[in-house]
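Architecture at a glance
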Amino acid sequence: MADAHSVVPASVLRNLSDKLYEKRKNAALEVEGIVKQLAALGDHEKISAVISLLTTEYTYSPQANHRKGGLIGLAAATVGLTSEASQHLEQIVPPVLNSFSDQDSRVRYYACEALYNIAKVVRGDFIIFFNQIFDALCKLSADSAANVQSAAHLLDRLVKDIVTESDQFSIEEFIPLLRERMNVLNPYVRQFLVGWITVLDSVPDIDMLGFLPDFLDGLFNMLSDSSHEIRQQADSALSEFLQEIKNSPSVDYGRMAEILVQRAASPDEFTRLTAMTWINEFVKLGGDQLVPYYADILGAILPCMSDKEEKIRGFARETNEELRSIKGEPEEAFNVGAILSIARRQLDSEWEATRIEALHWISTLLDRHRSEVLCFLNDIFDTLLKALADSSDEVVLLVLDIHACIAQDPQHFSQLVVFLVQNFRIDHSLLERRGALIIRRLCDLLDAERVYRELSSILEGEADLEFACIMVQALNLILLTSSELSEIRKLLKQSLANAAGKDLFVALYASWSHSPMAIISLCLLAQMYPHASAVIQSLVEEDINVKFLVQLDKLIRLLETPIFAHLRLQLLEPGRYVWLLKALYGLLMLLPQQSAAFKILQTRLKTVPTYSFNAGDQLKHALSGNPYSHHGASQITEDGNKNLNNGNVQNDINFTSWLEQFEQIQRQHRLLAKSQAQSRNNSLLKDGPKAEEPRQLPTSNTNRAVSRSSKRGPG
């Protein structure tokens, strides 16, 4: 240290710490001259001593003016060294960098100025300190003092120039530092970072594209910045990188795809749009490379299908079609289970378009990878069943398409129908709102007879009698009205002459017995008129309630539709179809006289020609009221002809036994109704009468008509 004091005059050292800038500046010029002389002599030991003196006694001094003088002195020493400065940089640069964090803004300003002058002298040799300098500049870019920011910007521009012309810059060492800074929220720092990314990307020898995954997420973060300028700069940088990706033969799509998927769900609209733009290009460019990322990409696309912004929806639709056109195989890392999981989750989306597209994907996977999808069936089946209650008809129809595709296998078919009945049992409103749509669609997609046989088999042993009745009534109405079941109706109409029709009639009978009106409708459709009459005659007082009359009203109106045209035509020959006439008169007797249905049926029966009646055996037999009283070797058929035991299909049906079964099931329903009524009465007695609750009155003329008809007799 004594050598340094002997080399630098005391007056120079004194002026170097003066409060006046001019004196410090003149002292620095003196230091520059001294160092230049020592460099010419090659006395680097004394130069080191001078630098050490400036560092320890000035730049690290507690006095601000000393620190300012020390910084100016170090810059002057570097200028004096000129080409030989590089060997002393290890001494010169660290104290200057340390001064960037000084509490005094003027000291920070002089540190920027000093480093600027040092950098101008050493140029490329400066690169060894690049990471430390970059870190310091990053902090100074957000400095609270405007003059410090201005000085930092000047230094930043110089450092950029040096880096772009240097062949010593290491991008590998720089990227971790950049990645660490990319999530800073300060707008000045963000501008600083984007500026550096843009500059480095412009250097041909620096492969920024290869490191794009390291800072891509940070750039996307900036797209939602409150500053328009920052958003614009980030967007410009991203656009440039996307163009480079398009022109590059090899790109790491995978790592970037993971980032884009997350950004596609950003609450910021511009960020979502940019992410979808990138994903769209990736799917087009990456192709098979993206197979392992199908599920993640699909998870980003599906929600965007319902985005409020049309551009985003457009990119999502286009990308979705591109993704669907790439046919990956499980052995190529194509994860069927993961894609199914994404589609299943999106079925809970509040947006219809997203749910629809999720179902399209499940359908696509079933077409291409049926065996793999069926392996994951337990994971998606419950969700698909719940989707049957969706508010959108289009969603429900697509779900049914998928169910029908799955149900091509017998075990899955049974499972589907069982689950369907369970859902109807749990949620009666689903049966009311969607029952007809679901059943009709399944009958259209699958074999209608197979569907009805399976449903009948399940309902035959249904423990919930009330639900069984409701379900059978719904199925019966669909059977009588839906175009999808026209073939079944044709088959049932041939029950007397066709073994297949008879077999279907028998298969439906047991479950249809849960509803008297369903059984009567089935018999009329199958032209089993004697049995229809027998069922009507078997009804007791408890069976004739409001619900029964509502169902009867529906049947009477259906008798006037084309479905029962054959029945109405048969009334032209009452002599041949006596049991039909008696069954219809039986229904008329059950209807209240003032009801519209009574008038409709009465009007129809008035048109029956009386001249065709005869006093033959069939009329006497019909009026006897027992269609099953003859059990000899011959049987009187509906058209009045004797049928010697020649294998007629009807001979195989034991109607007496079936009638007993119907009556037994109806007794169970009556017992259930009595039990429920008793429970309600007990509950009312326990809770006591409520003064505010008015006495329940008859709700319609139908009820009063029922009362009158029961007192006065029918018709």
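Residues numbered from 1 in each chain as written. Predicted model: local features only at pLDDT ≥ 70, side-chain atom pairs only at ≥ 80, totals over all residues. Heavy atoms only, no water.

**A look at the environment of Val399**
Worth spelling out the cut-off: Where helices and strands are cited, they refer to DSSP runs of H or I of at least four residues and of E of at least two residues respectively, numbered from the N terminus. In this analysis, two residues are considered to be in contact whenever any of their non-hydrogen atoms come within 4.5 Å of each other.
Tracing the backbone through its elements, the reader meets Val399 in helix H22 (residues 393-406). On a C-alpha basis, the gap between Val399 and Ile438 in space is 9.5 Å, while along the polypeptide they are 39 residues apart. In this structure Val399 touches Leu359, Leu384, Ala387 and Leu388, once residues within four positions along its chain are discounted.

**Observations regarding the UniProt feature "repeat: HEAT" (unreviewed entry) in the protein**
Under the convention used in this document: UniProt positions are given in the numbering used here, feature names are shortened, and annotations may be inferred rather than shown by experiment.
UniProt records the feature "repeat: HEAT" (unreviewed entry) for residues 92-127 in the present numbering. End-to-end, the C-alpha atoms of residues 92-127 are 14 Å apart, and along that stretch the chain is 69% helix and 0% strand.

**Looking at the packing of helix H4 (residues 44-59) against helix H5 (residues 64-81)**
The criterion, for reference: The convention used is that axes are lines fitted to C-alpha atoms, helices contributing only their stretch in contact, and that angles between N-to-C directions extend from 0 to 180 degrees. Comment on the angle field: the value is read as roughly parallel under 35 degrees, roughly antiparallel over 145, roughly perpendicular from 65 to 115, and oblique elsewhere. Take the far helix as your reference; a near helix turned counterclockwise from it by less than a right angle gives a left-handed crossing, and one turned clockwise gives a right-handed crossing. Each residue receives one of three labels: charged for Asp, Glu, Lys and Arg, nonpolar for Ala, Val, Leu, Ile, Met, Phe, Trp, Tyr, Cys and Pro, and polar for the others, Gly being one of them.
Running from amino to carboxyl end, H4 crosses H5 at an angle of 160°, the nearest separation of the two axes being 8 Å. The orientation of H4 relative to H5 falls into the category roughly antiparallel. Note that H4 runs across H5; the crossing there is left-handed. Contact with H4, carried on its side by Ile47, Ile51, Leu54, Thr55, Glu57, Tyr58 and Thr59, involves His66, Arg67, Gly70, Leu71, Gly73, Leu74 and Leu81 of H5 and no other residues of that element. Here the residues of the contact of H4 with H5 sort into seven nonpolar, five polar and two charged.

**Structural notes on unusual backbone geometry**
Heads up, the condition is: Think of it in three bands: residues with accessible area under 20% of the maximum for their type are buried, residues over 50% are exposed, and the middle band is partly exposed, with areas taken using a 1.4 Å probe on protein chains only.
The phi dihedral of Thr82 is positive, around 50°, even though this residue is not glycine. By the element assignment, Thr82 lies in the loop between H5 and helix H6 (89-98). The backbone of Arg123 sits at a positive phi, close to 50°, despite the residue not being glycine. Looking at the secondary structure, you find Arg123 in the loop between helix H7 (105-122) and helix H8 (130-140). For Arg123, a relative accessible area of 29% corresponds to the partly exposed category.

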